[in-house]
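Structure assessment
The primary structure of each chain is shown beneath.
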Amino acid sequence: AMAGIGALSGNKPDNTAFTQQRLPAWQPLLSAGTALPLFFCAGLACLAVGLGLHFSSDTIRELELDYTGAPGSGHNCSRCANASLAGAGGCTCSLRFELPERFPGPVCLYYQLSNYYQNHRRYSVSRDDRQLSGDASGLSNPATECSPFRTDPRGIPIAPCGAIANSLFNDTFALYHLANGTFYPVPLDNRGISWWTDSNIKFSNPELINGSLETAFKGTTKPPNWPHAAYMLDMGNLNNTGFINEDFIVWMRTAALPTFRKLYRRVHEGNFSSGLPQGTYRLDITYNYPVLSFQGTKKVIFSTVSWMGGKNPFLGIVYLIFGSACILTGFVMLAVHIKFQKQNQMDVE
Amino acid sequence: MFRWSINRFCAGEEKRVGTRTVFVGHRPVSETDAYVEQKFCDNRIVSSKYTVWNFLPKNLFEQFRRIANFYFLIIFLVQVIVDTPTSPVTSGLPLFFVIIVTAIKQGYEDWLRHRADKEVNKSSVFIVENAKQVKKHSEKIKVGDIVEVKADETFPCDLIFLASSNDDGICYVTTASLDGESNFKTHYAVRDTTGLRTDDDIDSLTATIECEQPQPDLYKFVGRINIYRSNQEPVARSLGPENLLLKGSTLKNTKKIYGVAVYTGMETKMALNYQGKSQKRSAVEKSINAFLIVYLCILVSKATVCTTLKYIWQSNPFNDEPWYNQKTIKERDTFQILRMFTDFLSFMVLFNFIIPVSMYVTVEMQKFLGSFFIAWDKEMYDEEIKEGALVNTSDLNEELGQCREELFLRALCLCHTVQIKEGDNVDGLRVNQERWTYISSSPDEIALVKGAKKYGFTFLGHEADYMKVQNQKNEIEKYQLLHVLNFDPVRRRMSVVVKTSTGKFLLFCKGADSSIFPRVQRDEIQQTKVHVERNAMDGYRTLCVAFKELTQEDYKKINDQLSEAKMALQDREEKMARIFDDIEADMHLIGATAVEDRLQEHAAETIEALQTAGMKVWVLTGDKMETAKSTCYASRLFQTNTELLELTTKMMGDSDRKEERLHELLLEYHKKLLQDFPQNSGKLKRSWTVSQEYGLIIDGSTLSLILNPSQDSSSSNYKSIFLQICLKCTSVLCCRMAPLQKAQIVRMVKNSKGNPITLSIGDGANDVSMILEAHVGIGIKGKEGRQAARNSDYAVPKFKHLRKLLLAHGHLYYVRIAHLVQYFFYKNLCFILPQFLYQFFCGFSQQPLYDAAYLTMYNICFTSLPILAYSLLEQHINIETLTSDPRLYMKISDNAMLQWKPFLYWTCLGAFEGLVFFFGVYFLFQNSSLEDNGKVFGNWTFGTIVFTVLVFTVTLKLALDTRFWTWMNHFVIWGSLAFYVFFSFFWGGIIWPFLKQQRMYFVFAHMVTSVSTWLAIVLLIFISLFPEILLVVFKNAKRKNYQTVPFNLPMLLSYKSMENGYTSEMKLEDAVTNLTQRCHLRIPQMQQL
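Rules behind the numbers
- Residues numbered from 1 in each chain as written.
- Chains lettered and ligands numbered in written order.
- Predicted model: local features only at pLDDT ≥ 70, side-chain atom pairs only at ≥ 80, totals over all residues.
- Heavy atoms only, no water.
- Pairing = 2+ DSSP bridges.
- Helix = DSSP H or I, 4+ residues; strand = E, 2+ residues; numbered from the N terminus.
- Disulfide = S-S within 2.5 Å.
- Buried < 20%, exposed > 50% of the residue type's maximum accessible area, 1.4 Å probe, protein only.
- Salt bridge = Lys/Arg side-chain N within 4 Å of Asp/Glu carboxyl O.
- Domains from an automatic or database assignment.
- Contact = heavy atoms within 4.5 Å.
- Buried area = accessible area lost by both parts, 1.4 Å probe.
- Polar contact = N/O pair within 3.5 Å; in protein donor to acceptor, adjacent residues only side chain to side chain.
- Axes fitted to C-alpha atoms, helices over the stretch in contact; angles between N-to-C directions.
- pLDDT = per-residue confidence, 0-100.
- UniProt positions renumbered as here; feature names shortened; annotations may be inferred.

Residue and element names in this part refer to chain B. Direction of pairing for strand β9 (residues 223-228) relative to strand β10 (residues 235-239): antiparallel, over a ladder of 5 bridges. Across the sheet, residue N226 finds its bridge partner in β10, namely A236. Adjacent in sequence and paired antiparallel, β9 and β10 are bridged by 6 residues, among which N231 carries a positive phi angle near 60 degrees.

Under the criterion given, the structure shown has 3 disulfides over all chains. The side chain of C80 of chain A participates in a disulfide bridge whose partner is C91 of chain A; the two sulfur atoms lie 1.8 Å from each other. One disulfide, between C80 of chain A and C91 of chain A, carries an S-S torsion of -70 degrees and so falls in the left-handed class. Placement of C80 of chain A in helix α2 (residues 78-85) and of C91 of chain A in strand β2 (residues 91-99) is noted, with a sequence separation of 11 residues between them. Residue C80 of chain A shares its accessibility class with C91 of chain A, and that shared class is buried. Between C146 of chain A and C161 of chain A runs a disulfide, and the two sulfur atoms are separated by 1.9 Å. Here C146 of chain A is found in the loop between α5 (136-140) and α6 (163-166), whereas its partner C161 of chain A is found in the loop between α5 and α6, with 15 residues between them in sequence. For C146 of chain A, a relative accessible area of 0% puts it in the buried group. Here the disulfide map of chain A reads 1-4, 2-3, 5-6, the bonded cysteines being numbered as they appear in the sequence. Free cysteine: C297 of chain B, not disulfide-bonded; nearest cysteine sulfur from C306 of chain B at 16 Å. We note that C734 of chain B lacks a disulfide partner, and the nearest cysteine sulfur, in C726 of chain B, lies 6.8 Å from it.

For the bond from S147 of chain A to P148 of chain A, the omega torsion is 5 degrees, close enough to zero to count as cis. The amide bond that connects A159 of chain A to the next residue, P160 of chain A, takes the cis arrangement and shows omega of -10 degrees. Secondary-structure assignment places P160 of chain A in the loop between α5 and α6. Look at Q295 of chain A: it is not a glycine, yet its phi comes out positive at around 60 degrees. Following the sequence through the fold, Q295 of chain A ends up in the loop between β9 (279-287) and β10 (298-304). Positive phi, close to 60 degrees, is recorded for F1002 of chain B, a residue that is not glycine. Looking at where F1002 of chain B falls in the secondary structure, it is placed in the loop between α34 (967-989) and α35 (1003-1009). Look at F1002 of chain B and you get partly exposed, because its relative accessible area is 26%.

With that out of the way, let us pick up the pattern of salt bridges. This structure, assessed with the given rule, holds 39 salt bridges over all chains. A salt bridge links E379 of chain B to R22 of chain A, with the nearest nitrogen and oxygen atoms 2.9 Å apart. Here the residue E379 of chain B occupies a position in the loop between α12 (357-376) and β14 (390-391), and R22 of chain A occupies one in the segment before α1 (32-59), the pair thus bridging two chains. Note on R22 of chain A: relative accessible area 38%, which makes it partly exposed. Of the charged contacts, one joins R493 of chain B and E584 of chain B as a salt bridge, the two residues approaching to 2.6 Å between their closest N and O atoms. Here R493 of chain B is found in strand β19 (residues 493-500), whereas its partner E584 of chain B is found in the loop between α17 (572-583) and β22 (588-596), with 91 residues between them in sequence.

Here we take up the domain arrangement of chain A. Per the domain assignment, the segments making up chain A are domain 1 (34-60 + 312-336) and domain 2 (62-305). A C-alpha centroid distance of 40 Å is found between domain 1 of chain A and domain 2 of chain A.

What follows is about the interface of chain B and chain A. The interface is formed by 107 residues belonging to chain B together with 96 residues belonging to chain A. A buried area of about 8900 Å², summed over both sides, lies between chain B and chain A, and 60% of it is on carbon and sulfur atoms. Taken together, the connections running from chain B to chain A amount to 4 salt bridges. Linking chain B to chain A there are 35 residue pairs in polar contact (both at pLDDT 80 or more). For the side of chain B that touches chain A, the element with the most residues is helix α36 (residues 1011-1043) of chain B, which contributes 17 residues.

Below, the discussion takes up the sheet that holds strand β7 (residues 260-267) of chain A. Residue and element names in this part refer to chain A. The strand order across the open sheet formed by 4 strands is β1-β10-β4-β7, and the pairing between neighbours is antiparallel. The sheet terminates laterally at β1 (62-66) and β7, the two strands that pair on one side only. Strand-to-strand twist of the sheet, defined as the mean angle between neighbouring strand axes without regard to direction, takes the value 20 degrees. Summarising the sheet, strand β4 (residues 107-113) and β7 pair through 7 bridges and their orientation is antiparallel. Within β7, the position partnered with L113 by the bridge is F260.

This brings us to the confidence of the model for chain B. All names here are of chain B. Averaged over every residue, the pLDDT of chain B is 77; residues scoring 70 or more account for 82%. The spread of mean pLDDT over the elements of chain B runs between helix α37 (residues 1056-1059), the lowest at 26, and α34, the highest at 96. Confidence drops under pLDDT 50 across residues 679-690; counting only partners more than four residues distant or on other chains, this segment forms 10 contacts. For the stretch residues 1043-1089, pLDDT sits under 50, and the model shows 58 contacts to residues farther than four places along the chain or on other chains. Predicted as a complex, the structure gets a pTM of 0.78 and an ipTM equal to 0.95.

A word on the sheet that holds strand β6 (residues 182-186) of chain A. Residues and elements named next belong to chain A. Pairing is antiparallel across the open sheet formed by 4 strands, whose spatial order is β2-β9-β5-β6. Two strands lie at the open edges of the sheet, namely β2 and β6, each paired on one side alone. Pairs of neighbouring strands in the sheet enclose a mean axial angle of 30 degrees, with direction left out of account. Across the sheet, α2 touches β2 and β9, and the angle it forms with β2 is around 145 degrees.

Right, let's get into the UniProt feature "transmembrane region" (unreviewed entry) in chain A. Residue and element names in this part refer to chain A. When the UniProt feature table is mapped to this numbering, "transmembrane region" (unreviewed entry) covers residues 29-53 and 314-336. Measuring from the first to the last C-alpha atom of residues 29-53 gives 34 Å, for a span that is 88% helix and 0% strand. For residues 314-336, helix accounts for 100% and strand for 0%, while the C-alpha atoms at its two ends are 32 Å apart.

What follows is about the pairing of β9 of chain A. All names here are of chain A. Counted residue by residue, β9 has 7 buried out of 9 residues, so it is predominantly covered. Pairing of β2 with β9, which is carried by 9 bridges, proceeds in the antiparallel orientation. Each residue of the ladder has a partner; that of L99, found in β9, is G279. Pairing between strand β5 (residues 172-179) and β9: 6 bridges, direction antiparallel. Note that in β9 the partner of T172 across the bridge is T286.

Let us now look at helix α18 (residues 603-612) of chain B. Residues and elements named next belong to chain B. Within α18, 9 of the 10 residues are buried, leaving the element largely enclosed by the surrounding structure. Every buried residue of α18 is listed here: A603, A604, E605, T606, I607, E608, A609, L610 and Q611. Within two residues after α18, G614 carries a phi angle of roughly 95 degrees, on the positive side.

Attention now moves to the environment of L904 of chain B. All names here are of chain B. Assignment of secondary structure puts L904 in helix α32 (residues 900-924). By relative accessible area, L904 is classed as exposed at 53%. Expressed as a C-alpha distance, the spacing of L904 and Q822, which sit 82 residues apart in the sequence, is 9.7 Å.

Following this line, the structure appears as structure tokens:
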């Protein structure tokens, strides 16, 4: 409650446009006359965009290979899947597949997991960005959010700590193209698969000590699920090891939905710079990552990309539908409008 | 609260009942009696609420007593204690902001009060002690001190007026700061002490004063002074309000006065009157609370659903704890029940943004800032009194747009109060000057004095107890004024006893004809009665005057009786009334006066407009029925074709069958009305074609018969019949009302079926009770006094201003605030719904969809200013149209924009948009590689896309609703969107050292590099707004169609002929015939509509 507005101002109120609520104002009225062209224009524009999107999406080639190897599926990788259930890693299996048509380059190689909740809150908070930025104190004293993967039972801090890092996807793929009866390896490029700002600014290795990353990581231990320490992620390549390993960075960007794909490699080098030719291929998989325990699936996806990214029919279709709806409404309104006008005319007569 | 502080400062004070004895100058009455110092509170005024020490705890306590603040505090505490998805900052920051701002505002106000208190308490006053003047701080004054006050000084406490520098013991006082009345009032010193004009004289006075304990009524005081002189019997004199000088009023035109302090500090009448009025809650506020409950239910059910589903989902062990996402030790160790409870609280916290803190802030701000437009309105500024409208409370702005059923007003306020010219000097010394002005609060008296002058009798004023009149022969006659019994509404008359220079005693009595006629000799009445009735019919206010000569013995007898009654501390008025009652008999009728009540300018148009706006107008007046009736005709409350139903004493007759007759009449009228308004008239209820208008006239005594019947058998039944009759009539006139009856009627209507919103308007002190009782009380800043304006929620200078106040301001405020409220709920529903839906895709893990910064800033920064600007500036229909077409007011009647239907519409809209936002982005993310280089987006990009669509959609939705785009609207709408984009870049552009996780780092920048995302955002905004656009277009098409039929408003006849000064009867009749013609002209036009 407040007292006496206006009581204080005994003198005459100001005669300004604002105080008298007479500010000059634009008073638009969305009448049928203005709305009709608007609807037609918007509808046509949407149809155009929709068609563009639709054809772009159509030209994108995509091939999905499920290699989960669920028991009883008779899949080549079933053996490895069973082994992974038993906790053993390092099993390899191969997939042979045909490319029915040429995939123009660059071709992206994705892996896709399903029923995998990277967006689970407990999971997605379980990381320490300070540690991942190479902060020394982060190495020696990881954030509490990393728990239960903060320290090992002996109390030695884990680097990188947390559940996300611990569950790093560790299947590896090698691709071979059958030409003239022999399988030739297809070069897979692992550079530039993560966001530039991530691999150059947000993620950074601890400062080297005597030129050695291993020494820099001294006093920490590897995550329990990892076969070896972070600095050994890409031995010999100082630009892609430790926290700035691009596979690691891609993994650390948690997915939005429980079924997600992540960029693994790109094919754009050597003989395959123009894409993957039609023909037979073999994919050698090192099957380490267990997904059967949570009823997940694993896929490898070959996909070309366009200006709109990967294949996504949804956007084009919705644009087409919405565009048609706009035009349809436009017509309906036109009909109503004309009818009303006629009626008015008749009334006048 | 206030009572509490009194107790604090006046500890040890006896109860408020009973009397107190004050020893003037602290002198004991006699040598023998030991002087016992009585304990009264000191003269310190404490209006401040806080001290430096208790400010923080007390202010916080009071703020958190508000249910909303408390709710947010609880949410904040839950966030602090329980491991919740969002940081406590997200809800703590807005709450902190609100609390701090409020605390600063209240602190500042209290500091101002402290300063004002200090100024008052430390001001210097002069006290007479031992025949010497001692300078003291005002706060040091004790009860019993003799205080000297000089001209233009403010009285430091309530004083009994002992002596003034004037011989006649009179002083003039203005009470402008007390009750706002700026005219001078005359106060009289105690008769026996008027001679004590120096410090020495006054010091010789030995007296005690007995008076009642402090009471808040400014106009009531009873006391007795006993003056002791050596070797003499003590003299007792009565004290009344005319002897009491109130703290806060100012001495004028008098050199100095002496007074003795009787009430000090917090016991002064001013301090007792300083208290907050009871809070009136508007219908909008009630709607908000109802909606809040709905949203609270939505919130709780959302949290319950999520918690339940979470545990169902988790019943699969591989969902509960897959190998990659193991539980912490703490989580494992917690009991299941406790964990469920924590989960529930976490979901509550996650979804609590659906009830935003900022809504309260925005609503308060809208009300506060919005009310300035009322005060600023120059059309409601009156040149005559140099004042504009006054807003005493901003809580009811929107209620002005809701006054639906009843509008009460007092007939008098329709009339110009008689011009009283205030002389520059009012000290009564202008006797010899040509131009003499008589000051009176009663227009009748002025008319009488003026009329008498016309016939050669000039009233020259009074000197001490004598009044001087110059008669036709230019001789000066002197009358001694002996006793006065003032006018009161119960007696409806006033009497004086005077002594002529020849020694005769005369009693003069003036009053309403009903109270005079029975007291005069029968044979004299006849002719006057005819005159009175004719005058009353013509709309004049009539008064009868009678006199009686008293014999010496008679006078002596009643003089003794009156003196005795005057000494009484209790029921003084009643006792005096009884004595006068006895002598006011067998008087001789002198004649009658008739004063024309000129209608205030545009009163008739205003009433007509209000009726057209669907308001029912009731006139409550103390006037005679005939007078009131003709006023009603003149103000077009009754039209010539209005059929009048009368429930008056005349109709009842004098017999004992009064009540039965009343019941018969009630039933008859009821039947009549039922025939006219058949049952199926529901649809046509507010249609334009009213076949027959009815008006009801009822007087005070009949009303009390209905409201307080003698036997309560079927009384309530008749009461409800009466109410039904009232509600069916277009206008109701209640005449001969006592002030309390007015309030009684307001209450009756307020509580009737459908709980109509009532508005009372009045200008006099006797309207205060009904102004306070009604939903909205409006005071007219009349000349008669400021009490009505002071106790009202809004005050306007003239009756005609009501039109703009209700039709334009009220309408606009209602539309604005209703839209504000609906929009707030809507925007928070579509804000939180995607977050709720996301739970289905993240294992019900309370993962927030949006970043904490977005959660916090959404309501504070990104979407707050556009709606605030809208709610202050929007004019969906411009003010001129609103003022000139009262029918528009009906559109928003019955709280139309805040009913469940529009609420459901907004809620559905919010839900639809929330679904579009979430599932649009969900399907887009079926393939999360949205950049042209194949890189993928994560969950924060998902949330940011949803949020971007959300911010743009809700802002553009408001833009669609905005009908009145000033540069400010443009600035805040486009500015908010630009700010959102700018902020997002900024927020994601820096590694923030204080954040644990750099979730948003370059998320927004990456998002805008993706063409697909752009296209998706644009598409989703379009889809969300599509139904709204369609609706607007169709609405406008319909409106346009409707507008093609041109409608002319009935031309309102201006009452020029009545405004031209004193009209003769002829002119008045002209006006009435004029009016009838117009009425006939108008009807076909109305039916066309």
